[in-house]
Amino acid sequence: MTWLGKLGAFLALALSPLAALGCGETVIDSAKTEGAIEENLEKSVGQKVASVDCPSGVKVEKGTTFECTVRLKSGKTETATLKVLNSDADVELTDIKSAGGK
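Residues numbered from 1 in each chain as written. Predicted model: local features only at pLDDT ≥ 70, side-chain atom pairs only at ≥ 80, totals over all residues. Heavy atoms only, no water.

Enquirer: Hey, could you run me through the state of the cysteines in this one?
Expert: Between two cysteines, a covalent bond joining their sulfur atoms is known as a disulfide. Following the criterion strictly, the structure yields 1 disulfide and no others. Here Cys54 engages in a disulfide with Cys68; their sulfurs sit 2.0 Å apart. Residues Cys54 and Cys68 are joined through a disulfide that is right-handed, its torsion about the S-S bond being 115 degrees. Remark: Cys68 occurs in strand E4 (residues 65-72) and Cys54 occurs in the loop between strand E3 (49-53) and E4; sequence separation between them is 14 residues. Judged by its relative accessible area of 7%, Cys54 is buried. Since its relative accessible area comes to 0%, Cys68 is described here as buried. (Disulfide = S-S within 2.5 Å. Helix = DSSP H or I, 4+ residues; strand = E, 2+ residues; numbered from the N terminus. Buried < 20%, exposed > 50% of the residue type's maximum accessible area, 1.4 Å probe, protein only.)

Structure, rendered in C-alpha cells:
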C-alpha cells in the first residue's frame with residue numbers, strides 16, 4: 001500500500017469537526033481543513049507539504065464532496081478528494097491522486 005493509501009483512514013478521524021458558520025449556514029472551515037491535511041501528511045507518512053488549497057464555502061451536507069490541491073515540497077502536486085460524512089462536519093479522505101504536477 002502506498003503512503004496515499006495509508007493516509008486515508010487516518011485523515012477520516014483527524015479531520016473532524018471542521019465547520020464554521022457563514023452567512024447563516026454551516027460550511028467547512030477551509031483553513032482548518034488545509035492545516036489538518038498538511039499536519040497529517042507530515043506526521044503519518046512523512047511527506048513534506050509546501051501548501052494545501054481547499055475551496056471555501058463548502059456546505060456541510062452529508063455526501064458533499066470537494067477537492068483540495070496538495071503541493072508537496074518535492075514538487076509533486078496531488079488532488080485530495082474529501083467527503084462530508086454528517087452534519088457535524090466530519091470529513092473523510094476518499095481519494096488522493098497525482099494531479100500531474102512535477
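Enquirer: Can you help me understand the pairing of strand E6 (residues 91-98) in this one?
Expert: It is a general feature of regular strands that their side chains alternate between the two faces of the sheet. Pairing between strand E5 (residues 77-84) and E6: 7 bridges, direction antiparallel. Residue Val84 lies in a different strand from E6, and its bridge partner there is Val91. Connecting the antiparallel pair E5 and E6 is a turn made up of 6 residues, with Ala89 showing a positive phi of about 70 degrees. (Pairing = 2+ DSSP bridges.)

Enquirer: Just checking my understanding: could you explain the sheet that holds E3 for this structure?
Expert: Sheets are built from strands paired through backbone hydrogen bonds, the pairs being either parallel or antiparallel. The sheet built from 4 strands is open, its strands ordered E3-E4-E5-E6 with antiparallel pairing. Every other strand in the sheet has two partners, leaving E3 and E6 as the edge strands with one partner each. Across the sheet, the axes of successive neighbouring strands diverge by a mean angle of 25 degrees, strand direction being ignored. Bridging between E3 and E4 involves 4 bridges; their strand directions are antiparallel. Counterpart to Asp53 in the pairing with E4 is Thr69. The sheet strands contacting helix H2 (residues 30-45) are E3, E4 and E5, and the helix crosses E3 at an angle near 150 degrees. (Axes fitted to C-alpha atoms, helices over the stretch in contact; angles between N-to-C directions. Contact = heavy atoms within 4.5 Å.)

Enquirer: Help me out: how do you make sense of the nonpolar core in this one?
Expert: One broad trend across soluble globular proteins is that nonpolar side chains are buried collectively. Counting 19 residues, the largest nonpolar core has Ile28, Ile37, Val52, Phe66, Cys68, Val70 and Leu82 as its most contacted members. Elements represented by at least two residues in this core include exactly H2, E3, E4, E5 and E6. Top contributing element to this core by residue count: E4, with 4 residues. (Core = buried A, V, L, I, M, F, W, Y, C linked by side-chain atoms within 4.5 Å.)

Enquirer: Can you walk me through the confidence of the model for the protein chain in this structure?
Expert: Caution applies to low-pLDDT regions: their predicted coordinates should not be interpreted in detail. On average, residues of the protein chain carry a pLDDT of 79, and 74% of them reach 70 or more. Looking over the protein chain, one finds the lowest element-wise mean pLDDT in helix H1 (residues 3-14), namely 49, and the highest in E3, namely 95. (pLDDT = per-residue confidence, 0-100.)

Enquirer: Quick question: what am I supposed to make of the pairing of E4 here?
Expert: In E4, alternate side chains face the same way, and those of Phe66, Cys68, Val70 and Leu72 are buried while those of Thr65, Glu67, Thr69 and Arg71 on the opposite face are not. Direction of pairing for E4 relative to E5: antiparallel, over a ladder of 7 bridges. Its bridge partner lying in E5, Cys68 is registered against Ala80. Between the antiparallel neighbours E4 and E5 lie 4 residues, among them Gly75 with a positive phi of about 105 degrees.

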